[in-house]
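Structure at a glance
If you want the building blocks of each chain, they are given just below.
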Amino acid sequence: MTATSHYKSNLRDLFFNLFEFSDIGRTTLGRGSFTSLDEAAARDSLVQLEKLCTNELAASFVATDQSGVELGADGRVVLPEPLRRSLKAYLDNDWHLLEMPEHLGGLGAPPSLVWAGFELMTGSHATAAFYLSTLFMLRVIDRLATPEQKARFFPHALDRTWNCTMVLTEPDAGSDVGAGRTRARPVGGDEWHIEGVKRFITGGDSDLFENILHLVLARPEGAGPGTKGLSLFIVPKIWVNADGSLGEPNGVRVTKVEHKMGLRGSATCELTFGDEAPARGLLLGNVHNGIAQMFHIIEQARMAIAIKSMSTLSTAYKNALAFAKERVQGSDLTRVLDKTAPRVSIIHHPDVRRMLMTQKAYAEGMRALCFFAARQQDEVAILGGHGSKDAAEIDRLNDLLLPLCKGYCSDKAYEILAVSLQCFGGSGYLTDYPIEQYIRDQKIDSLYEGTTHIQALDLLLRKIARDGGATLRGLLGQVQKTLAEGEGGLELQPERALLTEALGHAEALLMALLGKMQESLYHVGLHGNRVLFVLAEVVIAWLLIRHAALAVRKLADAALGDDERAFYQGKVQSARFYCAEVLPRIAVDRRRIESSELSLMQLPEEAF
């Protein structure tokens, strides 16, 4: 595999989601604060970014994995030179300004367009995307900081491309953020000294950026236990004076760089604060509201991981498809006993076609789910943003969709990537093809920013329960509306019938779990992931049917070109395959939950 050959984007399906299905040229662009780009400019931006990602970003994909990062003698993380070139190509062309608001000198692109760009970035080089995507935290600082703090960090942080990190995890706490022991001691004004050790900090250091702003959760002296006792602090790697000039190195240092199975060029660091010199920090917004503030970052990160998983599966599918069209092996199955039958490319074999369509349907379904959520984020921003009364209903829908996006995409993409590898036969196990690196780089997605089960608990115990299930009922009501209106006509009647049956099973499954919860919350622990997957699959099937209905209308145009006709035919088949292959399993999931019992929880540890 050459260094630049691995990434195969699906810009056509991306455009379908943005400009045909969501129609953001009408529904988003030109509304609210999103007036700097029209549809033509938005399309051109993605075309140009796709070129950069396919070439400059993808160029260092293999070399970065082979080299990894090093912790230098001076305590700095040293990036591989090919990765540095890729990152500089992105930054030197000011692509990081796409998502920044206009008052910070950016283009103010809407979330759907920003996430489309992120799909291209992370599909071509996830490690590079991680270093670049954390710049979004500057938007969080701009939103939550005091006027004095904003004056300290802007415009310098953007003009000189300072990076950011989210600093939550501790060695003894892990996913239990509320168990964190990092301390904060006030020293005057909004300045504090931070003491403690954090681990698994993505992009915790690098020698590319002049400065890094660490956003650190810590417990102020005298604060209570749990997450409510935490506050959020800006702790610069190099202290930033009130006028924005750089001061002395701060008391935060890298004490370890983790060695990982994938994403080897992404510096996952252990950071130690205040052991050799004071680690000076500013209380963000000068308010003790740390966990709520950090969730502005966490939920953005969860969406990013969903996109990363989906885009990895998408390029894996495109690579498998190209291989299947070129690899000649065996005769057509209907002539398998004919020794004189010509050899055919493996895309002619039914099993290979099944594997290819599995990848296609899942990748397109995940993209549909993610960009349906992105469209809600557009509307929230247009209606006033998080906390706005006008946006509250849509904001709750977006909150409900996030664990579906992150939990489902991260978990299922890993499963389906094995199907991608299978298409290559033994060659897929070699480093000649990118699939093995895709699998290694993607596996982390179901583990960090909240494991799959944390997403499930968030969905069931927080996102659904907080309004008594009203937001979920509203979402399922949209599904029922599509079914009642017969969207897609006779062409998609079988798919609507499958979805009708699956929706009934999903609703019964939820009621069964609700009843079981009266007995013990252990039932949620045993079946939470299953419920998350079921709800995601119902929503994905609904979206794919709606996509297919749009495709059916497009196919009625006799003047449609061959390539476009093939694209829309593929959209219809993705919906058919997903509905036929995935939805029938929901009946089994219902029976599992209805018959749930707790003998597993009663088993003595010695029996395992």
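Before reading further, recall that the structure is shown in the block above.
In short, a report on the structure. Remember, it's a predicted structure, so these values are computed and weren't measured experimentally. (Residues numbered from 1 in each chain as written. Predicted model: local features only at pLDDT ≥ 70, side-chain atom pairs only at ≥ 80, totals over all residues. Heavy atoms only, no water.)

With respect to the overall build of the protein chain
In terms of regular secondary structure, the protein chain is built from 21 helices and 14 strands. Structurally, the protein chain occupies a C-alpha span of about 80 × 60 × 55 Å along its principal axes. Considering only contacts within the protein chain whose residues lie at least 6 apart along the sequence, 76% involve residues at least 24 apart. Summed over its atoms, the accessible surface of the protein chain is roughly 24,600 Å², and 52% of this surface lies on carbon and sulfur atoms. Taking the average location of the 65 positive side-chain charges in the protein chain and that of its 75 negative ones, the two points are 3 Å from each other. (Helix = DSSP H or I, 4+ residues; strand = E, 2+ residues; numbered from the N terminus. Contact = heavy atoms within 4.5 Å. Areas by Shrake-Rupley, 256 points an atom, 1.4 Å probe, with all protein chains shown as cover. Lys, Arg positive; Asp, Glu negative; His and termini not counted. Charge placed at Lys NZ, Arg CZ, Asp CG, Glu CD.)

With respect to the pairing of strand E5 (residues 191–202)
Relative to E5, strand E4 (residues 183–188) runs antiparallel, the two sharing five bridges. Across the sheet, the residue bridging to Pro-186 is Trp-192, located in E5. Relative to strand E12 (residues 279–283), E5 is paired through four bridges, and the arrangement is antiparallel. Residue Trp-192 lies in a different strand from E12, and its bridge partner there is Gly-281. Summarising the sheet, E5 and strand E11 (residues 268–273) pair through five bridges and their orientation is antiparallel. Following the sheet pairing, Ile-201 is matched in E11 by Cys-269. (Pairing = 2+ DSSP bridges.)

Examining the pattern of salt bridges
Counted by the stated rule, this structure contains 46 salt bridges. A salt bridge links Glu-20 to Lys-554, with the shortest nitrogen-to-oxygen separation between them at 3.8 Å. Within this pair, whereas Glu-20 is found in helix H1 (residues 11–21), its partner Lys-554 is found in helix H18 (residues 522–555), the two being separated by 534 residues in sequence. Owing to a relative accessible area of 31%, Lys-554 belongs among the partly exposed residues under this scheme. Between Arg-264 and Asp-65 there is a salt bridge, with its nearest N and O atoms 3.8 Å apart. Placement of Arg-264 in the loop between strand E10 (252–257) and E11 and of Asp-65 in helix H4 (residues 61–67) is noted, with a sequence separation of 199 residues between them. Among the residues examined, Asp-65 registers a relative accessible area of 7% and is labelled buried. (Salt bridge = Lys/Arg side-chain N within 4 Å of Asp/Glu carboxyl O. Buried < 20%, exposed > 50% of the residue type's maximum accessible area, 1.4 Å probe, protein only.)

Observations regarding the packing of aromatic side chains
Counted according to the given criterion, the structure contains 14 aromatic pairs. Aromatic side chains Trp-115 and Phe-118 sit 5.9 Å apart centroid to centroid with 80° between the ring planes, which places their arrangement in the edge-to-face category. Taken together, the residues Trp-115 and Phe-118, both in helix H6 (residues 111–124) and three residues apart, mark about one turn of the helix. Comparing Trp-115 with Phe-118, the two get one shared label, buried. Seen in terms of ring centroids, Phe-130 and Tyr-448 are 6.2 Å apart; in terms of plane orientation they differ by 45°. Their pairing is tilted. A residue pair is termed long-range when its members are at least 10 positions apart, and Phe-130 in helix H7 (residues 126–133) and Tyr-448 in the loop between helix H14 (435–442) and helix H15 (452–464) qualify at 318 residues. The burial state of Phe-130 is the same as that of Tyr-448; both residues are buried. Each residue in the set Phe-16, Phe-567 and Tyr-568 is aromatic and connected to the rest through ring pairs, giving one cluster. Between Arg-12 and the ring centre of Phe-567, over which it is positioned, the NZ or CZ distance is 4.1 Å. One residue, Lys-443, lies across the ring of Tyr-414, its end atom 4.6 Å from the ring centre. (Phe/Tyr/Trp six-rings, centres within 6.5 Å; stacked < 30°, edge-to-face > 60°. Lys NZ or Arg CZ within 6 Å of the ring centre and 35° of its normal.)

A look at the nonpolar core
Ranked by size, the top nonpolar core spans 191 residues in total, and within it Leu-138, Ile-194 and Phe-371 carry the most contacts. Per-element accounting of this core gives the leading share, 19 residues, to H18. If we ignore the near neighbours within four places in the chain, the residues touching Leu-138 are Met-100, Phe-154, Ala-157, Leu-158, Trp-162, Cys-164 and Leu-213. Of all hydrophobic cores here, the second largest spans five residues; its members include Ala-126, Phe-130, Ile-305 and Tyr-448. (Core = buried A, V, L, I, M, F, W, Y, C linked by side-chain atoms within 4.5 Å.)

Notes on the packing of H18 against helix H19 (residues 562–582)
In the contact formed by H18 and H19, the axes pass within 8 Å of each other and the chain directions differ by 150°. When the interaxial angle is binned, H18 and H19 end up roughly antiparallel. Once H18 is placed against H19, the crossing between them reads as left-handed. Here H18 contributes Glu-537, Ile-540, Ala-541, Leu-544, Ile-545, His-547, Ala-548, Ala-551, Val-552, Lys-554 and Leu-555 to the contact with H19, which in turn contributes Arg-565, Tyr-568, Gln-569, Lys-571, Val-572, Ser-574, Ala-575, Tyr-578, Cys-579 and Val-582. Of the residues contributing to the contact of H18 with H19, the split by class is 14 nonpolar, three polar and four charged. (Axes fitted to C-alpha atoms, helices over the stretch in contact; angles between N-to-C directions. Parallel < 35°, antiparallel > 145°, perpendicular 65-115°, else oblique. Left-handed = near helix turned anticlockwise from the far one by under 90°. Nonpolar A, V, L, I, M, F, W, Y, C, P; charged D, E, K, R; others polar.)

Details of the environment of Ala-373
Mapped onto the fold, Ala-373 is located in helix H12 (residues 350–382). On the accessibility criterion, Ala-373 (0% relative accessible area) is buried. In this structure, the C-alpha to C-alpha distance between Ala-373 and Leu-402, residues 29 residues apart in sequence, is 7.4 Å. Setting aside anything within four residues of it in sequence, one finds Ala-373 in contact with Met-303, Asn-398, Leu-401 and Cys-405.

None of the figures reported here should be taken as evidence of function without further support.
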